[in-house]
Amino acid sequence: TLLERERRFTSDAAHELRTPLAVLQAQWDAALLDADGAPLPEPLRKLGEGLARMSRLVTQLLLLSRVEHRESAAPRRPVDWSALVAEAFTDALPLAERRGVELACEDRVPGGERFPLRGDAPLLAALLRNLLDNALRHGRRGGQVTLRFGADRLEVLDDGPGVAPEQLGRLGDRFYRPPGETEPGSGLGLSIVRRIADWHVPATVRVDTGV
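Model, not experiment: these values are computed from the prediction.

Engineer: How do you make sense of the nonpolar core when you look at a structure like this?
Structural biologist: Grouped burial of nonpolar side chains is what soluble globular proteins tend to show. Of all hydrophobic cores here, the largest spans 36 residues; its most connected members are Leu128, Leu136 and Ile196. Within the residue set of this core, elements represented by two or more residues are α2 (42-70), α3 (81-99), α4 (121-138), β4 (144-149) and α6 (189-200). If one sorts the elements of this core by residue count, α4 sits on top with 10 residues. In contact with Ile196, other than residues within four places in its own chain, are Val67, Leu123, Leu124, Ala126 and Leu127. Membership of the second largest hydrophobic core comes to five residues, among which are Leu21, Trp28, Leu51 and Val58.

Engineer: Got a minute to help me understand α4 in this structure?
Structural biologist: Every α-helix winds through 3.6 residues per turn, so residues three or four apart in the chain are directed the same way. Its 18 residues place the ends of α4 26 Å apart at the C-alpha level, agreeing with the 26 Å of an ideal helix rising 1.5 Å per residue. In terms of residue burial, α4 counts as a mostly covered element, since 13 of its 18 residues are buried. Regarding α4, its N-cap is Asp120, as a side-chain oxygen of that residue lies 2.9 Å from the backbone nitrogen of Leu123 further along.

Engineer: Would you mind showing me how to read the environment of Ala96 here?
Structural biologist: Tracing the sequence through the fold places Ala96 in helix α3. The exposure class assigned to Ala96 is buried, which follows from its relative accessible area of 2%. Here the alpha-carbon distance between Ala96 and Leu132, two residues 36 residues apart in the chain, equals 9.4 Å. Once you skip the residues sitting within four places of it in the chain, Ala96 turns out to touch Val101, Leu103 and Leu136.

Engineer: Would you take a moment to explain the packing of α3 against α4 for this structure?
Structural biologist: How two helices sit against one another is set out by the angle between their axes and by the gap between those axes. Across the interface, α3 lies against α4 with an axial gap of 9 Å and an inter-helix angle of 25 degrees. The angle between the axes of α3 and α4 places the two elements in the roughly parallel class. Remark: the crossing between α3 and α4 carries right-handed chirality. Between α3 and α4, the residues in contact are Trp81, Leu84, Val85, Glu87, Ala88, Phe89, Asp91, Ala92, Leu95, Ala96 and Arg99 and Ala121, Leu124, Ala125, Leu128, Arg129, Leu132, Asp133, Leu136 and Arg137, respectively. Here the contact of α3 with α4 is composed, by residue class, of 14 nonpolar, no polar and six charged.

Rules used in this analysis
- Residues numbered from 1 in each chain as written.
- Predicted model: local features only at pLDDT ≥ 70, side-chain atom pairs only at ≥ 80, totals over all residues.
- Heavy atoms only, no water.
- Core = buried A, V, L, I, M, F, W, Y, C linked by side-chain atoms within 4.5 Å.
- Buried < 20%, exposed > 50% of the residue type's maximum accessible area, 1.4 Å probe, protein only.
- Helix = DSSP H or I, 4+ residues; strand = E, 2+ residues; numbered from the N terminus.
- Contact = heavy atoms within 4.5 Å.
- Expected span 1.5 Å × (residues − 1).
- Polar contact = N/O pair within 3.5 Å; in protein donor to acceptor, adjacent residues only side chain to side chain.
- Axes fitted to C-alpha atoms, helices over the stretch in contact; angles between N-to-C directions.
- Parallel < 35°, antiparallel > 145°, perpendicular 65-115°, else oblique.
- Left-handed = near helix turned anticlockwise from the far one by under 90°.
- Nonpolar A, V, L, I, M, F, W, Y, C, P; charged D, E, K, R; others polar.

Okay, structure coming up:
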């Protein structure tokens, strides 16, 4: 009962925050147009970054609420991975261009029968978006991020510095961000990925320290 109340509160709070944040974002965009490309003062720049972080947090909370709601009820249907990959790469492209990262996809599955064959397409699309976003933000600028399909696995690889061994156990915890982390984020991305992956194939998510 407590868990259900927590989920309902999280969902309701995120929904209530979405509208005022959208209004603030529209006002911020209008202010940027009025600035006519001039450099923003430091306080205003930090205000814009804070607004972006808050918008991302609300988006992730709403996604987490949908994941938890659909875990037991979502039907499993054949998965069109080609369409999901195209959608995820389109969403990831602006961030990849800003960081100068090359996106690649490798398919090592004969006949293209990617794993899993059946599932919930919207949830798997969210899984791909979060994994690619995480790799792009925490990998090396000017590097490469590769989405690789195997016969029994899906991997996202980057050529960044990796994760310290002592931090591995906490990756996937809600709102956890490693000490010293400077990239914007909510600490929910890998938690959402774990929930989606466990719903499709229990206990299959693994995070490595290296490339």
